[in-house]
Amino acid sequence: MESRRIRREKKTVTVMIDMYCRDQHNGRVEPGLCDECRELHDYAMQRIDKCPFCLAKPTCANCPVHCYKKDLRARVREAMAYAGPRMMRRHPILAMMHIMDGFRTVEAPARRGK
Ligand SMILES: [Zn+2]
(Lines give C-alpha, C1' and ligand atoms only; values in the text may rest on other atoms or scores of the structure.)
Protein backbone atom coordinates (compact mmCIF):
# COMPACT_ATOMS: atom_id res chain seq x y z
CA MET A 1 0.00 0.00 0.00
CA GLU A 2 1.26 3.41 -0.87
CA SER A 3 1.13 6.14 1.72
CA ARG A 4 0.55 9.82 1.03
CA ARG A 5 4.15 10.28 1.98
CA ILE A 6 5.43 7.93 -0.71
CA ARG A 7 3.03 9.28 -3.29
CA ARG A 8 4.25 12.78 -2.52
CA GLU A 9 7.86 11.79 -2.86
CA LYS A 10 7.15 10.16 -6.19
CA LYS A 11 5.28 13.22 -7.38
CA THR A 12 8.10 15.52 -6.32
CA VAL A 13 10.72 13.45 -8.10
CA THR A 14 8.52 13.18 -11.19
CA VAL A 15 7.96 16.93 -11.33
CA MET A 16 11.65 17.64 -10.87
CA ILE A 17 12.86 15.24 -13.55
CA ASP A 18 10.16 16.55 -15.84
CA MET A 19 11.28 20.13 -15.30
CA TYR A 20 14.92 19.24 -15.83
CA CYS A 21 14.26 17.31 -19.03
CA ARG A 22 11.97 19.95 -20.52
CA ASP A 23 14.49 22.72 -19.93
CA GLN A 24 17.70 20.84 -20.61
CA HIS A 25 16.89 18.26 -23.26
CA ASN A 26 15.37 18.35 -26.72
CA GLY A 27 13.16 21.40 -26.06
CA ARG A 28 10.25 19.06 -25.50
CA VAL A 29 8.85 18.79 -28.98
CA GLU A 30 6.75 15.90 -27.83
CA PRO A 31 5.16 15.47 -24.44
CA GLY A 32 6.92 13.12 -22.10
CA LEU A 33 10.48 12.58 -21.05
CA CYS A 34 13.41 11.80 -23.31
CA ASP A 35 14.64 8.20 -23.18
CA GLU A 36 17.41 8.97 -20.74
CA CYS A 37 15.15 10.78 -18.30
CA ARG A 38 12.47 8.15 -18.67
CA GLU A 39 14.99 5.56 -17.57
CA LEU A 40 16.10 7.75 -14.68
CA HIS A 41 12.51 8.37 -13.62
CA ASP A 42 11.58 4.70 -13.72
CA TYR A 43 14.66 3.86 -11.73
CA ALA A 44 13.90 6.52 -9.11
CA MET A 45 10.33 5.20 -8.68
CA GLN A 46 11.69 1.71 -8.25
CA ARG A 47 14.16 2.87 -5.60
CA ILE A 48 11.37 4.59 -3.66
CA ASP A 49 9.30 1.40 -3.77
CA LYS A 50 12.19 -0.63 -2.48
CA CYS A 51 13.32 1.80 0.18
CA PRO A 52 13.89 -0.11 3.44
CA PHE A 53 12.86 2.85 5.57
CA CYS A 54 9.42 3.00 4.05
CA LEU A 55 7.26 5.53 5.90
CA ALA A 56 10.05 6.78 8.11
CA LYS A 57 12.32 7.59 5.19
CA PRO A 58 13.85 11.02 4.85
CA THR A 59 14.20 12.46 1.37
CA CYS A 60 16.75 10.60 -0.68
CA ALA A 61 19.31 13.39 -0.46
CA ASN A 62 19.27 13.08 3.33
CA CYS A 63 19.20 9.32 3.51
CA PRO A 64 22.15 7.47 5.03
CA VAL A 65 21.69 4.60 2.59
CA HIS A 66 22.77 5.47 -0.90
CA CYS A 67 20.91 2.89 -2.86
CA TYR A 68 21.29 4.40 -6.31
CA LYS A 69 23.66 2.88 -8.79
CA LYS A 70 26.62 5.17 -9.28
CA ASP A 71 25.89 6.56 -12.73
CA LEU A 72 22.19 6.99 -12.08
CA ARG A 73 22.92 8.67 -8.81
CA ALA A 74 25.06 11.23 -10.60
CA ARG A 75 22.26 11.84 -13.07
CA VAL A 76 19.55 12.20 -10.48
CA ARG A 77 21.74 14.61 -8.52
CA GLU A 78 22.23 16.72 -11.60
CA ALA A 79 18.48 16.80 -12.24
CA MET A 80 17.69 17.64 -8.60
CA ALA A 81 20.38 20.33 -8.50
CA TYR A 82 18.80 21.94 -11.53
CA ALA A 83 15.17 21.62 -10.50
CA GLY A 84 15.58 22.20 -6.76
CA PRO A 85 15.83 25.99 -6.75
CA ARG A 86 13.07 26.21 -9.36
CA MET A 87 10.65 24.11 -7.35
CA MET A 88 10.04 26.94 -4.88
CA ARG A 89 8.73 29.13 -7.63
CA ARG A 90 6.74 26.64 -9.63
CA HIS A 91 5.59 24.18 -7.01
CA PRO A 92 6.01 25.95 -3.65
CA ILE A 93 3.81 23.58 -1.65
CA LEU A 94 5.48 20.46 -2.97
CA ALA A 95 8.89 22.03 -2.39
CA MET A 96 8.00 22.95 1.20
CA MET A 97 6.74 19.48 1.95
CA HIS A 98 9.89 18.03 0.49
CA ILE A 99 12.05 20.21 2.72
CA MET A 100 10.01 19.17 5.76
CA ASP A 101 10.39 15.52 4.83
CA GLY A 102 14.11 16.09 4.58
CA PHE A 103 14.25 16.85 8.30
CA ARG A 104 13.17 13.37 9.17
CA THR A 105 15.77 11.02 10.45
CA VAL A 106 15.54 7.30 10.02
CA GLU A 107 15.99 6.70 13.74
CA ALA A 108 12.77 8.51 14.51
CA PRO A 109 9.57 6.47 14.53
CA ALA A 110 7.14 7.30 11.72
CA ARG A 111 4.90 10.11 12.77
CA ARG A 112 1.22 9.44 13.09
CA GLY A 113 -1.40 11.32 11.16
CA LYS A 114 -0.52 13.92 8.59
ZN1 LIG B 1 15.73 14.36 -20.63
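Just so it is clear, the structure is predicted and the values come from calculations on it, not from any experiment. (Residues numbered from 1 in each chain as written. Predicted model: local features only at pLDDT ≥ 70, side-chain atom pairs only at ≥ 80, totals over all residues. Heavy atoms only, no water.)

Peer 1: Tell me about helix α3 (residues 70-90), and name the residues and values.
Peer 2: Along an α-helix, residues three or four apart share an orientation, since each turn contains 3.6 residues. For α3, built from 21 residues, the straight-helix expectation of 30 Å at 1.5 Å per residue is met to within 8% by its first-to-last C-alpha distance of 29 Å. A bend of about 40 degrees at glycine 84 is the largest found in α3, and the proline proline 85 appears one to four places after it. Along α3, the positions that sit buried rather than exposed are Leu72, Val76, Ala79, Tyr82, Ala83 and Met87. Its buried side turned inward, α3 meets α1 (4-24), α2 (35-50) and α4 (92-102). (Helix = DSSP H or I, 4+ residues; strand = E, 2+ residues; numbered from the N terminus. Expected span 1.5 Å × (residues − 1). Bend = angle between axes of the 7 residues up to and from the residue. Buried < 20%, exposed > 50% of the residue type's maximum accessible area, 1.4 Å probe, protein only. Contact = heavy atoms within 4.5 Å.)

Peer 1: Summarise the packing of α3 against α4; cite the residues concerned and give the values.
Peer 2: Contact pair α3 / α4: the axes reach a minimum separation of 6 Å and the direction vectors enclose 125 degrees. In terms of their interaxial angle, α3 and α4 are classed as oblique. Contacts between α3 and α4 involve Met87, Met88, Arg89 and Arg90 from the former and Pro92, Leu94, Ala95, Met96 and Ile99 from the latter. (Axes fitted to C-alpha atoms, helices over the stretch in contact; angles between N-to-C directions. Parallel < 35°, antiparallel > 145°, perpendicular 65-115°, else oblique.)

Peer 1: How would you summarise the packing of aromatic side chains if you had to cite specific residues and measurements?
Peer 2: In this description, an aromatic ring pair is defined by two values, namely the gap between the centres and the angle between the planes. With the rule as written, the count across this model stands at two aromatic pairs. Ring geometry for tyrosine 43 against tyrosine 68: centres 5.4 Å apart, planes inclined by 75 degrees, an arrangement best described as edge-to-face. With tyrosine 43 in helix α2 and tyrosine 68 in the loop between α2 and α3, this residue pair connects regions lying 25 residues apart in the sequence. The same class applies to tyrosine 43 as to tyrosine 68, namely buried. Its guanidinium or amino end placed over the ring of tyrosine 82, arginine 86 lies 3.8 Å from that ring's centre, counting from NZ or CZ. (Phe/Tyr/Trp six-rings, centres within 6.5 Å; stacked < 30°, edge-to-face > 60°. Lys NZ or Arg CZ within 6 Å of the ring centre and 35° of its normal.)

Peer 1: Before we move on, can you summarise the coordination of the zinc ion with the specific residues and values?
Peer 2: Six octahedral donors around a metal ideally make angles of 90 or 180 degrees; four tetrahedral donors ideally make 109.5 degrees. Bound to the zinc ion on the protein side are Cys21 (SG), His25 (ND1), Cys34 (SG) and Cys37 (SG), at distances that span 1.9 to 2.3 Å. Around the zinc ion sit four donor atoms; with metal-centred angles ranging over 102 to 120 degrees, the donor geometry is tetrahedral. One chain supplies every donor for the zinc ion, spaced along it as C-x3-H-x8-C-x2-C. Residue cysteine 21 is located in helix α1, and its partner cysteine 34 is located in the loop between α1 and α2; the two are separated by 13 residues in the primary sequence. Look at cysteine 21 and you get buried, because its relative accessible area is 0%. (Donors = N, O, S within 2.8 Å, 3.2 Å for Na, K, Ca; no water. Tetrahedral: all angles 85-135°; square planar, octahedral: opposite > 155°, others 65-115°.)

Peer 1: How would you explain the nonpolar core if you had to name every residue and give the values?
Peer 2: Among the nonpolar cores identified, the biggest contains 25 residues, and Val13, Ile17, Cys37, Leu40 and Met87 are the most heavily contacted of them. No other element matches the eight residues that α1 contributes to this core. Setting aside residues up to four positions removed in sequence, methionine 87 forms contacts with Thr12, Val15, Met16, Met19, Pro92, Leu94 and Ala95. (Core = buried A, V, L, I, M, F, W, Y, C linked by side-chain atoms within 4.5 Å.)

Peer 1: Account for the confidence of the model for the chain, with residues named and values stated.
Peer 2: For the chain, the mean per-residue pLDDT works out to 80, and 74% of the residues sit at or above 70. Within the chain, the lowest mean pLDDT, 81, falls on α4, and the highest, 91, falls on α2. (pLDDT = per-residue confidence, 0-100.)

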